[in-house]
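Commentary on secondary and tertiary structure
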Amino acid sequence: MPSANIDYSEASRALGVANDIPASPYVLSTPFGLSILEIQGQLVLPSSAPETESDTAVEGGNTFVKVESVDQKLVRAVRDAVQFGKLSFDEKDPSKVVLFIGTSQRLNGVVETLREPLAVLKVPSQDGDTDIRMVDIIYKKIIFKHRPLPIM
Amino acid sequence: MSFSVYSQIGGSDDHKYKLMQLPKELLEYLKTPDNVLEFKLPLSRKNHLVLCTESETYTVRQMNHSNTQLVVEDLQVPAVGRKLMGLGPDSSSSLLAVGLCSYLYELTPSLGEIETAGLPLYDGTAELLVGSVPLSVESLMQSSPIARTCFQSQWHALCGSEIDGIAVILSPDFVTNVLYTIIAVAIAEKWSSFTLEEMAPRLASENSKFTRLVLETIAGKFCECKDNELSLNRPEIAKWFGIMSLKKLATATSDKDLLLQWKSSLPPFFNALLDLKVLRGHFYRPLAGRLQYLNKETLSPEIHARIKDMFKITKDWDYDEFLPYVEEFIPATKKADAVILKYAKKKRMGKLFVVCPR
């Protein structure tokens, strides 16, 4: 019977440190830096970045950047990313959030506590020696339940 | 406070992010590192995935949704190990979407099950073991979608044992013989309770096939254990002999005759309360006042087809005798009637409720 081990050492560590870190006024990410952002419907984003040597580029109204990452084995990788919005917390009530998309649309959202925490699994795309890793545990998500509104 | 939100283009080729709901017990379990946690994909059922811990089994269900659910990294947090190039210090208040999840894994606690298909049936003769694929109990446990600590009790409940290093299911007649001998020895020795060490040599002296492992299986199924002392579970033993008496019926028999046969099948001097109610789920009534054995395993594994099969056998079922045959399909959150009435009609006949086709 096929089976796959789950290495949950990182999630276990996250559970341990979660209590040691003082709560931020903006409840956004876990101590390991992850969070969930949920938008009703589909978010259409460019599938490729313009070919350029520069770290940033603007094309068709989209801002493209390059992201440098270093993994656990200290292997450096550079990937493309596109900016799709600006997330702004209400200063009086940090549970209220606005996501501005481009220059014409905004989404009103809230920070919601999940009924059951969610484990984030990092599943290898191909079968191999690598275990599935449970990398973090998330308790809250930022959710946008309504249709986009125009920016006046 | 505001953040620029970015999405990685193309995602990562070597892994995918998936989200899984964590029930309270599992969250507690994760606090202790280096325990067993694994996904198992049983071959006996299609699209069935389970998650096993050391002591719990969960059925995994994929809940699809149409929202855009992004796993985002806060680049301010050093643990993330990523930074935007060419944006200077401003890049710190940025979020980067690294994974898109179109479904969640929902976990439901379950009992787990042992894959018994293909296991040899052992009736005391070694010949039956020849030709079967040898599988040890340890390998069987690893290949079954069940938590390790729940395996043993369920294995014994199925009359599973190990003969010459091979996992086998003990045949009902063999189980009856061993049980009969255990009861006879306990009565002869005037033991109200006993240990495995006391019983094993006495049992082996009666029959060399009645090994220590066989005794452990029978004791696991028919004895209650307290401080290493075993005492006979009389209601469970009586039920076993009742089912065996039902199986031996060639034709439909009256309740009174079955009770007589049941009583005479018990070992001498073994007293237990005999009540037909405990045999519900093992018989049907082809005629009023007469009953006959009906094996649940011969019916369809799907509720609608199973109820159809049951009405083909007989049209009117006593509600209490009908229920045990469909109980496994009734979710814990629903009332039995809410499920049964979708496929059948329930009517009152005097003091009884009867289930019949719609």
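For the structure, check the block above.
Conventions and cut-offs
- Think of each chain on its own: its residues are numbered from 1, step by step along the sequence as written.
- Think of it this way: whatever chain is written first is A, whatever ligand is written first is 1, and the rest follow in order.
- At least 70 in pLDDT is required for a residue's local features to be given in this predicted model, at least 80 for side-chain atom pairs to be given and counted, and no such filter applies to totals for whole chains, interfaces and linings, which use all residues.
- Only hydrogens and water are set aside; all other atoms, that is, all heavy atoms of the structure, feed into the side-chain values.
- Numbering of helices and strands runs from the N terminus, with a helix taken as a DSSP run of H or I at least four residues long and a strand as a DSSP run of E at least two residues long.
- Note on contacts: a residue pair qualifies if any of its non-hydrogen atoms lie within 4.5 Å across the two residues.
- For two strands to count as paired, DSSP must find a minimum of two bridges between them.
- Stacked, tilted and edge-to-face are the three classes applied to pairs of Phe, Tyr and Trp rings, where Trp contributes its six-membered ring and a pair requires centres within 6.5 Å; stacked means planes under 30 degrees apart, edge-to-face means over 60, and tilted covers the rest.
- Exposure classes here rest on a 1.4 Å probe applied to the protein chains alone. A residue is buried below 20% of its type maximum, exposed above 50%, and partly exposed in between.
- Charge-over-ring contacts are defined here by two conditions on Lys NZ or Arg CZ: a distance within 6 Å of the ring centre and an angle within 35 degrees of the ring normal.
- Here's the idea: put two parts together, see how much 1.4 Å probe accessible area each one loses, and the total over both is what we call buried area.
- Polar contacts here mean pairs of N or O atoms no more than 3.5 Å apart (in protein, one a potential hydrogen donor and the other a potential acceptor; neighbouring residues in sequence count only if both atoms are side-chain atoms).
- Basically, the charged four are Asp, Glu, Lys and Arg, the nonpolar ten are Ala, Val, Leu, Ile, Met, Phe, Trp, Tyr, Cys and Pro, and anything else, Gly included, counts as polar.

**Quick notes on the overall build of chain A**
- From N to C terminus, chain A includes 1 helix and 9 strands.
- Secondary structure elements in chain A, listed N-terminal to C-terminal, are β-α-β-β-β-β-β-β-β-β.
- Taking the contacts inside chain A whose residues are at least 6 apart along the sequence as the reference set, 50% of them involve residues at least 24 apart.

**Details of the sheet that holds strand 13 (residues 253–254) of chain B**
Residues and elements named next belong to chain B.
- Strand order in this open sheet of 3 strands is 13-15-14, and the pairing throughout is antiparallel. In the strand order of this sheet, the two ends are held by strand 13 and strand 14 (283–287), each with one partner.
- Where strand 13 lies against strand 15 (residues 290–293), 2 bridges are found, and the strand directions are antiparallel. For T253, the partnering residue across the bridge sits in strand 15 and is L291.

**Considering the packing of aromatic side chains**
Residue and element names in this part refer to chain B.
- Enumeration over the complete set of coordinates arrives at 14 aromatic pairs over all chains.
- Considering the side-chain rings of Y284 and W317, the 6.5 Å spacing of their centres and the 35° angle between planes classify their relative orientation as tilted. Taken together, the residues span a long stretch of sequence, with Y284 in strand 14 and W317 in strand 16 (residues 317–318) at a distance of 33 residues.
- On the basis of relative accessible area, W317 is assigned to the buried category, the value being 2%.
- Ring geometry for W317 versus Y325: centroids 5.6 Å apart, planes at 70°, classification edge-to-face. Y325 matches W317 in its accessibility class, with the two residues each being buried.
- Across the ring face of Y319, the terminal group of K346 is positioned such that the distance to the ring centre comes to 4.3 Å.
- The side chain of K346 reaches across the aromatic face of F353, ending 4.7 Å from its centre.

**Considerations on the interface of chain A and chain B**
- Contacts between the two partners involve 71 residues from chain A, matched on the other side by 65 residues from chain B.
- Interface area for chain A against chain B, summed over the two sides, is near 5,900 Å², with a carbon-plus-sulfur share of 61%.
- When residues of chain A are sorted by the area they lose upon contact with chain B, A:M1, A:Y8 and A:R79 head the list and together hold 13% of the total.
- Run the count over chain A and chain B and you get 25 residue pairs in polar contact (both at pLDDT 80 or more).
- The element that contributes the greatest number of residues to the side of chain A that touches chain B is strand 5 (residues 76–89) of chain A, accounting for 13 residues.
- When its residues are assigned to classes, the side of chain A that touches chain B shows 41 nonpolar, 17 polar and 13 charged.
- For strand 5 of chain A and strand 1 (residues 2–8) of chain B, the ladder comprises 7 bridges, and the chain directions are antiparallel. Counted as the bridge partner of A:S88 is B:S2 from strand 1 of chain B.

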